[in-house]
Amino acid sequence: MMSYKKRVYIPERFYHIVSRGNRRDPLFRNASDFQAFLHILTQLYEKYPFEIASYCLMNNHFHLQLRSREVPISKLMALINKRYANYYNTKYRLTGHVFEKRFYDKRIDDKEGMLEVSRYIHLNPVEARMVKLAEYYPWSSYPYYKDKHSTVPCFMNIHYLLDYYEGTSTQKREKYCSSVSLN
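I will try to describe carefully the structure that is included in this document. This one's a predicted model, so the numbers in the text were calculated from it and none came from an experiment.

### Regarding the packing of aromatic side chains
Reasoning step 1: Taken as a whole, this structure holds 18 aromatic pairs when the rule is applied.
Reasoning step 2: Between Tyr165 and Tyr176 the ring centres are 6.5 Å apart and the planes differ by 75°, which places this aromatic pair in the edge-to-face class. Taken together, the residues Tyr165 in the loop between helix H5 (159-162) and helix H6 (169-179) and Tyr176 in helix H6 connect sequence positions 11 residues apart. By the burial criterion, Tyr165 is buried, and Tyr176 matches it.

### Regarding the side chain of His63
Reasoning step 1: Mapped onto the elements of the fold, His63 is located in strand E3 (residues 61-67).
Reasoning step 2: For His63, the residues in contact, after removing those within four places along its chain, are His16, Ile17, Val18, Ser54, Tyr55, Cys56, Tyr120, Ile121 and Asn124.

### Looking at the packing of helix H1 (residues 31-47) against helix H2 (residues 73-91)
Reasoning step 1: Two numbers describe how H1 lies on H2: the axes approach to 10 Å, and their chain directions differ by 145°. In this structure, H1 crosses over H2, and the sense of that crossing is right-handed. On H2, the residues touching Ser32, Asp33, Ala36, Phe37, Ile40, Leu41, Gln43 and Leu44 of H1 are Leu79, Ile80, Arg83, Tyr84, Tyr87, Tyr88 and Lys91.
Reasoning step 2: Grouping the constituent residues of the contact of H1 with H2 by class yields 10 nonpolar, two polar and three charged.

### Section: the nonpolar core
It is characteristic of soluble globular proteins that their nonpolar side chains tend to be buried jointly.
Reasoning step 1: Core analysis: the largest hydrophobic core is formed by 57 residues, its most contacted members being Ile52, Tyr55, Leu57, Phe62, Tyr145 and Tyr176.
Reasoning step 2: It is H2 that contributes the most residues to this core, seven residues altogether.
Reasoning step 3: Setting aside chain neighbours within four positions, we find Tyr145 in contact with Ala53, His122, Met156, Asn157, Ile158, Leu161, Leu162, Arg173, Tyr176 and Cys177.

### Overview of the pairing of strand E1 (residues 14-20)
Reasoning step 1: Most of E1 is tucked away, with six of its seven residues classed as buried.
Reasoning step 2: Across five bridges, E1 lies against strand E4 (residues 104-108) in antiparallel orientation. Opposite Phe14, over in E4, you have Ile108 as the bridge partner.

### Things to note about the pairing of strand E2 (residues 51-57)
Reasoning step 1: With respect to burial, E2 is a largely interior element, seven of its seven residues being buried.
Reasoning step 2: With six bridges connecting them, E2 and E3 associate as antiparallel partners. Its bridge partner being in E3, Cys56 is matched across the sheet by His63.
Reasoning step 3: The loop that links E2 with its antiparallel partner E3 comprises three residues.

### Overview of the pattern of salt bridges
Reasoning step 1: Scanning the entire structure with this criterion turns up nine salt bridges.
Reasoning step 2: Of the charged contacts in the structure, one is a salt bridge between Arg23 and Asp25, with a shortest N-O distance of 3.2 Å.
Reasoning step 3: Judged by its relative accessible area of 31%, Asp25 is partly exposed.
Reasoning step 4: Among the ionic pairs, Asp33 bridges to Lys91, the shortest N-O distance being 2.8 Å. In this pair, Asp33 is assigned in helix H1 and Lys91 in helix H2, connecting sequence segments 58 residues apart.
Reasoning step 5: A residue is classified by how much of its surface remains accessible, and Asp33, at 0% relative accessible area, is buried.
Reasoning step 6: With a relative accessible area of 33%, Lys91 lands in the partly exposed category.
Reasoning step 7: Among the charged side chains, a network of salt bridges with common partners joins Arg13, Arg107 and Asp109.

Quick notes on the rules
- Residues numbered from 1 in each chain as written.
- Predicted model: local features only at pLDDT ≥ 70, side-chain atom pairs only at ≥ 80, totals over all residues.
- Heavy atoms only, no water.
- Phe/Tyr/Trp six-rings, centres within 6.5 Å; stacked < 30°, edge-to-face > 60°.
- Helix = DSSP H or I, 4+ residues; strand = E, 2+ residues; numbered from the N terminus.
- Buried < 20%, exposed > 50% of the residue type's maximum accessible area, 1.4 Å probe, protein only.
- Contact = heavy atoms within 4.5 Å.
- Axes fitted to C-alpha atoms, helices over the stretch in contact; angles between N-to-C directions.
- Left-handed = near helix turned anticlockwise from the far one by under 90°.
- Nonpolar A, V, L, I, M, F, W, Y, C, P; charged D, E, K, R; others polar.
- Core = buried A, V, L, I, M, F, W, Y, C linked by side-chain atoms within 4.5 Å.
- Pairing = 2+ DSSP bridges.
- Salt bridge = Lys/Arg side-chain N within 4 Å of Asp/Glu carboxyl O.

This is the structure:
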């Protein structure tokens with residue numbers, strides 16, 4: 001059996017995380033599944049604080065742009081995926097693996113990388129032709145950037161990306177959102 005390469009964990013860095021459903025099966029079948037996943041993030045955040053700069057929950061996989069200063073990413077992801085798998089298997093009366101192998105992770109080392117990864121994450125449903133514009137997709141963090149009146153979840157840190165831009169809060173949001181378009 002081939003052993004896995006040990007993950008490198010740097011607490012100050014954000015990582016692009018991707019986790020897929022086993023055999024590319026759906027991870028989220030309806031709105032309550034998406035909501036359950038976000039609820040799990042909220043619960044875990046209270047015990048093991050972490051930050052998400054952007055996320056997108058697709059039907060059979062999810063993307064997180066995540067930083068965990070206190071708990072190694074591999075431990076945090078094990079907790080997230082185990083809790084969600086337990087929820088999913090219980091709800092749908094299934095047994096066995098919900099997720100395909102280990103999650104993918106790539107460390108993000110600079111401003112360009114941070115902006116590129118968040119753009120990629122927020123455009124995922126547009127690229128998949130599920131919606132015309134990022135703001136039409138309900139299961140991503142993009143609306144927190146677009147709408148200053150939205151209630152941002154405790155685990156989200158939108159200022160990390162917005163602070164790359166100059167100007168007022170509104171100007172920063174506009175500059176970020178215009179960078180997340182398919183032009």
